[in-house]
Structures are given as C-alpha cells and as structure tokens.
Amino acid sequence: MTWSHFKNLTKRLEWLDDLGDTDVWMEGVAAGKITDFAGEADAADASELRDFAPVKRIALVAALTHKARMRVRDDLATMFCKRVATKIKKAKAELEEIRLAEREIVEALIGNYRTVLKHIDEGGPAQEALTKAAAMTAEARQALEGLDEEASVDEVATRLEGRVSPAVLSLVKAQMVQAGGFSAVTRAVDSFGGFAKQYEQIEKVSAHHGNFWEVLLYGQIGRDRAVMFGLADNDKLKFTATSEDSRVLDALAHAQRHQAARGEYITAFNEEGKEVDISFATQNWRKAVVDKTRTGQFVRKHFEAMVFTALAEELRTGDVAVVGSEEYADWSVQLLAWEVVQETLGSYLVEVGLAQAGESAEFDAKSFRRQLEDKLRGGAAAADAGYPENEGLVIDPETGVPSLKAFRADGQRPSAKRLEQEIKARMPERSLMGIVARTAYWVEWWRRFGPPSGNEPKLTDPLGRYVIVTFVKGTNMGPYEAARHIPGVSGHELSYVANKHFSIVLLNEAVADLVNAHARLDISQAWGDGTAVAADGTHMDTYLDNLLSETSVRYVKPGGIAYHHVSDTYIALFTHFIPCGVWEAVYIIEGLLKNTSEVQPTMVHADTQGQSFPVFALARLLGFDLMPRIRNWKELTFYRPSNYRPSKQTEYVHIDALFGEPGKHVIDFDLIESQFRHLMRVAVSVREGTISSSTLLKRLRSGSQKNATYAAFREVSRVIRTVQLLRYLTDAPLRRRVTAATNEVESFNRFSQWIGFGNRGVIADNDPIEQEKARKFNALLTNSVIFHNALDIAEIVRQLLEEGWEIDPEDLAHISPYLTEHINRFGEYSTHEVGIQPQAYDPTLDIDFTPLREQDLITAGLGQAA
C-alpha cells in the first residue's frame, strides 16, 4: 500500500460516488441478478452495449457501477487490514530479532548503567560536586545565621558587616557546582545516544521479557500513519458497528480528533468529558497505552497503533462493517427474515437430512438440541465399545492424546498391474486439440458460449473458434504466443473471443455438461458413485503483485490457490481461484453449492485445512457430511457428551482420557437451543444464495465475542467435529477412504498442471476475474481429457473382453483416467481435427460394478490410482 495506490483508489471511489447513490438504484434487485448484470456489462464494450435495448443497457451499466462502488470499498478495507497485519508481523519479527540481539543490548545497557553509577557514586564527579556545593551552602547559611524572615535591610547590612554579597555569591556558586555535577551524568547519557535512545532500548528489552510486541508496532507503522488515517476517514470508508458494542469506533473517533497532535501524550477524555473506554484491548495494549505517571492521558503513538489493530480485527470478524461494501458488509442484514425461513423450513430440514418427512413440522429448537446430544453420546459410546478390538488406536491414559498406527496398503494386485499395462500400451495417440474438438462434438458444451447480448455467435465457425480458445486458455498459453503455433488465427481474434464470448458463469455451465456426460459412462462406476467429493488447493504462481496480493502461509510464496472439488469418479465438479491469504476451508461449502451438475455428493473429504470449526457446523446444517484427513492430534480437543442428568458427568471405560478432566470441554447446549432460529436463518439463507458461504465462514472462523450466533456456531461445530474425530479414530476403512480421496485430488492437481503447461504454469493476468476464468478454462480442458481418456479406456476394455480377457471390476478400479503418456502436448498445433465430426461414442460397458459398491473395494482402487 503506497500513497499512489491509495490515491488512485480513493479518486476512483470519489468518481464512482459522484455518479449517484447506486444503493437506491438497486433497491429490491436480487444480489445474484446484480452480479450477473455487472458481469455481462463488464464483458461488453461500447459497441456491444449499443446493441442492447436502452432499458437493459441502463440496467447493465447501473449494476456494473454498483458493483464497482462496492469493490473499491472492499479493496480499501482489505488494503487497511492487510497493511495492519503486515505491520504486526514485522513488529513480531522485530521482537524475535530483539530476542536474538538481547544479550548485546542488555550488556550495553549494563555498561551504560555502570557508567552512570560511577558518576553518581562516592568519588564520582556528581558526588564531589554535591560535597563541594554543600560546603559552600553551609558557609552562606553560617553568615546568615540569626536572621529571620522579618529582618530589615539595614539590620541585615549591620549584622553581616557588608558581607551580603559574598554570602549570596556563595549560594549561587553552590548551585552552579551542583548543576555541574548532574550535568556530568547527563553528558554520560548523551554519550550513549541520549535519554530517548536509552528508554527505547529498555522498552525493547521489556518487550522481549513480556512478549510485548505491541510497543514495537508504532515504529513499524511510522510513515504509513497518514495513509491509515486516510483509509479510516469517514469520507472514504464509513464504518458501523454490527452490534451495540461501539468501543473500537469510539476510540477511532478519539484518535481522529487528535490526529494532528505531535506530542507524546493525548487526553484520555472525550468531548463529553468521559474517559475513552479501551476495555476492548488486551492487557498488553492497555499497559502500553496507559502511563501510570500521567493520569488522564494516553501515550499517543501506542493508542493509535492499538486503534488501528483493533479496527482491522473487527473488520475481519465482522463486528465492524463498511457501509456500501460487499466483502465487509454487515452479513447479518443479508439473512432472510425468520418469517420467510419458517415458510420453507419443514421441507428444508427434510432435504438436508435434519428431520424425517413425518417429523419436520414438529422439529424445533429442542429437537435440534436432542439430535445433537444423541449424536455425540452415540458416537462416544460406539468408540468406547469398539476400543478393545481397535488394534490401530492407542490412547495415552495420562495425556489423553490418541495415536494411530500407520496404514500400509497391500499394493496393486498382479492382475490389476497387468490390466493397467495393457490399457496404457493400447491407448491411442491423441492431441489436446483433437480431444477438445471431439468432446465439443459429443457433449456440445461449446453451445454454452456466445456474446453477452445473448444473440447467436457472430462467428463464421463458432465451434472451431471456441475449441481453439479453450485449448489455448486451458493450456495457459497467451493468445499471441498461441497464434505463432496455430495456423489461421490471430492473437487479437483469440483474445477477443476469450474476453467477449466466455464468462465465469458460462464456463461453469460447460464444465457441468462434461461432468454430467462423464457420470453417464458405465466406466465411471469403476471409480465411484458420485456421492463423495474431495476438496483441496494447489499453489499457482502469478507474475505481478497487486494491492491485495499476499504470501501463502501454507506454500510460503506469493500467488494464488487453484481450489478444486474432485468427484470420486475423478472429474472436477467445481474450481475456484482464491487469494493466498484466505483460509482454504471457507471455500469447501461454496464449491458444493455452486456445483450445478447432476452429480451432487453428500460426503466431503478435505486435507487438514478442512478442520476449521465453523465449516463442520455449516456443512451439517446444509446436509453435507464433512470428513477431512485428521492430523496434529495433540492440538485437537474432544468435547464430552452431557448426561441425561445434568448433575452427573458421563464417563467411559476406555476413551475417557480423550475428553480431559471432568467438567472441562463441555458443550453449551442451552446456547445452541436459544440460537436455533438464527442458525436456521443462516443455513437457509446460504442455501438460497442471499449470502455467500465463503463470506459467512470468513467471519464465523474469526472468533468474535460480540455475537451469540458466532458462539452458537462454535458449539454446534464442537459437537460435529468431535463426532467426526471419533469416527475417524474408530473406523479404519473410513480412514483409508479419506486418505484415498485426498490423494486423488492431489493427483488431479498434478494432472491439471500438466495440461496447463503454458507460460511455465504462471498466471500472467493480474485481474482477479481473469485469473478465475483462467482456472475455469483449465478445468474445462482437464475434464475434457478425463472424459476422453475414460472413453478410450472403456473401448480398450471392450476389445479385451472380445479377446477373452476376464476383467475383475476391482482391477479396473485401479486404472486412473489421469493418463498422459499417449497425449502430444507440443509442436505445431494442427486444427484439422476441429473440422472432423467423430462417430457417436458408446457409454456402455458390459461389466458388473455392483461388488465394488457392496464390498467397498473402491477404497483400494482410489488409493492406488495415479
């Protein structure tokens, strides 16, 4: 964040606001419709907009303006939050450096203190001066002895016999000598760098000993102070508290009133004479802000740093909202009213499996509480009963920490290995261009695309152009680089078609077409039944930093994350491109909700990133069974089921140590029951699309203490996660299934990156929308290859069956469609295959896959694949 970046964004905001109050324009229009209209307008240029009827043209531009106003506020708020986070990180890094340099600083301070002591100690210049001054003062006092305060001038002159002047002179000399003694101490401190330098070093050492990074933060903020105050200016970002607690905003207003102050201290009282409430701050912050020697004052620099930190945190948690923003809006006002939710709640509860058809009308807060209590008690009882036979699980009776023996796969059967080798040897050589062309003819996904006006494509050969563009963008080649290798097209033409005929929404629809076609293939039953999905991300490099760029904590480098939802049949249901600074788990639910294909999984697997508390709760409320791969057992807490009699704790014979000491780690079921309506409002609102699940989860995982809904989600999450942890511990086949699923999505990540080989895998575009489109193009191309490989595998299996092979479906489950040896990626890309219409494909395969479902042998196949 620099002055130029900030000024450019603020100028853009001022210009957009001057166009009018778009909130009034968009009143009553659904959020999804606004997003669609804005995307359509953004993809069109002036000449295309002229083709629309005036009413629609105005609607599109109004929606685009409204979205732009919201996004620029989002960007400004994000800049502020990330800048504060960066400064805190640097302050903590400085604290670590101080720890490393502590010995040197302490030794220097000790040496300095020793020098000061020597100046003050007996025999030092300060003590010698004090002794000499005392003698001079005694001489003067002796001369004046006997005179009282009422003595006249004549009496004094007679009494001292003209010696008044020498006596006074002695007093003056004594004061000069005394001052000289103390100046020796001052000169010593000056030689160490001055008092301020000494105080700074002492503060640094104090920070180290108290883990007190807060006192170092202002030094990091420094030159950004004006920018941060500028971002917090009400003319640019208008903040509002989402609860009745406005302490942070009150403190911000106090800091803004004293922004011009340059002194070390500011008053602790507001304009009404009341002390500014800083009880929201941590003990360390209050210690830094309040100087006990300065009653009624705050240390200005620490007060400002504290306010900026608290404001960024409350923006992150959603306790403070930005008026006119989208990402930082008050999410609670986006929820459906309870009266609206109540109308559809019965059918919703049945749909997501929270209630049976006959009992949905009676399902209420007490029913929900009882369901959760029974679920937790049942899971714990089953785990306790099965513990003696569970040879893979050991629970330390002292610490309660569980440990699992590593699972060793049996390896691929010889018959499966033979089948795999034969299939790979017979796979026909293919080109990526030919694969895309044939799937376009067969599935007709290309018909999804066209100009935003909705008219028929104004291209002489739309299928051919859409196939070539999908190949170019899916492989991550730039349009002008691709034009050098593809005859008959220009870079400008490829770029124009990609920008104007393809949108994120249309790409999602095309991907869904391929998913549906793949699901109808008999061969897909060898790999799964579509009821499970695995979600995981892989890092993608980007060329350019932008205002909102961030380094990934997980991958320790900048860029973005391609986040995929991969079906148990190997094909990708949905793909996101998300920034590095976002916790990946918040997108687990979003991808499931945005998946519009016929494949609708209910079991969701994820890597360790999926253990986020609120994701468990929201998944349960939306009817999904979240089961991530579990690691880091020492850091996880198991919550003890309550007994039917509240006065008595439930205890277990074998697993009691998991839950810690009696009375600890218990669920607040009363809170869950009291917040039932709010929980249902959230769930139904997410399902209906009035609020994004990712937006919601970003707030719910942030630990707000001001909103009871946050706390209720936390308690529900504790129940569900404990149940899932117990399942994971006690069900070995389930653990193998989770591991296999997460391995599968990792294989998909490698496969999609192999296909997106252009530009060394680096996403060159810096526009978030174009980055998202780039990942969608890659998913479309990758799914095309998976579908085509599945057809080729099925054809080879038919040949083998005709030749007399006996093919066990368990062996076929080991064959992954992520095959690459037969695909030619490089060279001159011929387009002759684009004009060849292939024969219809055969989706059938004369193999009975029922045993795979019945025996759960699919786990072994997934674990060995690719």
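Structure report, in brief. Given the structure is predicted, the values throughout are model-derived calculations rather than measurements. (Residues numbered from 1 in each chain as written. Predicted model: local features only at pLDDT ≥ 70, side-chain atom pairs only at ≥ 80, totals over all residues. Heavy atoms only, no water.)

### A short note on the overall build of the protein chain
Here is step 1 of the chain: What the protein chain contains, in helices and strands, is 33 helices and 13 strands.
Here is step 2 of the chain: Across the 866 residues that make up the protein chain, the buried fraction comes to 51%.
Here is step 3 of the chain: For the protein chain, restricting intrachain contacts to residue pairs at least 6 apart in sequence, the fraction spanning at least 24 positions comes to 77%.
Here is step 4 of the chain: Summing over all exposed atoms, the protein chain offers an accessible surface of approximately 41300 Å²; the carbon and sulfur share of this is 50%. (Helix = DSSP H or I, 4+ residues; strand = E, 2+ residues; numbered from the N terminus. Buried < 20%, exposed > 50% of the residue type's maximum accessible area, 1.4 Å probe, protein only. Contact = heavy atoms within 4.5 Å. Areas by Shrake-Rupley, 256 points an atom, 1.4 Å probe, with all protein chains shown as cover.)

### Some words on the nonpolar core
Here is step 1 of the chain: Core analysis: the biggest nonpolar cluster contains 141 residues, and F368, W445, I588 and L812 have the highest contact counts within it.
Here is step 2 of the chain: Counting residues in each nonpolar core, the second largest holds 57 residues, with V227, F239, A281 and A312 among its members. (Core = buried A, V, L, I, M, F, W, Y, C linked by side-chain atoms within 4.5 Å.)

### Digging into the sheet that holds strand β11 (residues 603-606)
Here is step 1 of the chain: A sheet is described by the order of its strands in space; here 5 strands give the open sequence β10-β9-β8-β11-β12, paired in mixed fashion. Strands at the two margins of the open sheet, each flanked by one partner only, are β10 (572-579) and β12 (625-626).
Here is step 2 of the chain: Note that strand β8 (residues 532-540) and strand β9 (residues 560-567) share 8 bridges and pair antiparallel. What sits directly across from G537, in β9, is Y563.
Here is step 3 of the chain: Against the sheet, helix α23 (residues 587-594) engages β8, β9, β10, β11 and β12, with an angle of about 135° to β10.
Here is step 4 of the chain: Against the sheet, helix α29 (residues 732-755) touches β8, β9, β10 and β11, its axis set at about 45° to β8. (Pairing = 2+ DSSP bridges. Axes fitted to C-alpha atoms, helices over the stretch in contact; angles between N-to-C directions.)

### Observations regarding the pairing of β11
If a strand is regular, its side chains alternate between the two faces of the sheet.
Here is step 1 of the chain: Residue alternation in β11 divides its side chains into two sets, M603 and H605 and V604 and A606, and both sets are buried.
Here is step 2 of the chain: Two strands pair when backbone bridges link them, and β8 and β11 are joined in this way by 4 bridges, in the parallel orientation. Considered in β11, the bridge of V533 is made with V604.
Here is step 3 of the chain: Across 2 bridges, β11 lies against β12 in parallel orientation. Within the sheet, the bridge partner assigned to V604 lies in β12 and is L626.

### Section: the packing of helix α12 (residues 247-257) against helix α14 (residues 300-317)
For any two helices packed against each other, the geometry is given by the interaxial angle and the distance between the axes.
Here is step 1 of the chain: Two elements in contact, α12 and α14, have axes separated by 9 Å at closest approach and are oriented at 140°. The angle between α12 and α14 falls in the class oblique. Relative to α14, α12 is oriented so that their crossing is left-handed. In this structure, α12 uses V248, L249, A251, L252, H254 and A255 to contact α14, whose residues at the interface are F303, V307, A310, L311 and E314.
Here is step 2 of the chain: When grouped by side-chain class, the residues that make up the contact of α12 with α14 number 9 nonpolar, 1 polar and 1 charged. (Parallel < 35°, antiparallel > 145°, perpendicular 65-115°, else oblique. Left-handed = near helix turned anticlockwise from the far one by under 90°. Nonpolar A, V, L, I, M, F, W, Y, C, P; charged D, E, K, R; others polar.)

### Overview of the pairing of β9
Here is step 1 of the chain: β9 sits mainly inside the fold: 8 of its 8 residues count as buried.
Here is step 2 of the chain: Side-chain alternation along β9 places G560, A562, H564 and V566 on one buried face and I561, Y563, H565 and S567 on a second face that is also buried.
Here is step 3 of the chain: For β9 and β10, the ladder comprises 7 bridges, and the chain directions are antiparallel. In the sheet register, H564 faces β10, and the bridge partner there is T575.
Here is step 4 of the chain: As consecutive antiparallel partners, β9 and β10 are separated by 4 residues, and within that stretch Y570 has a phi angle of approximately 85°, a positive value.

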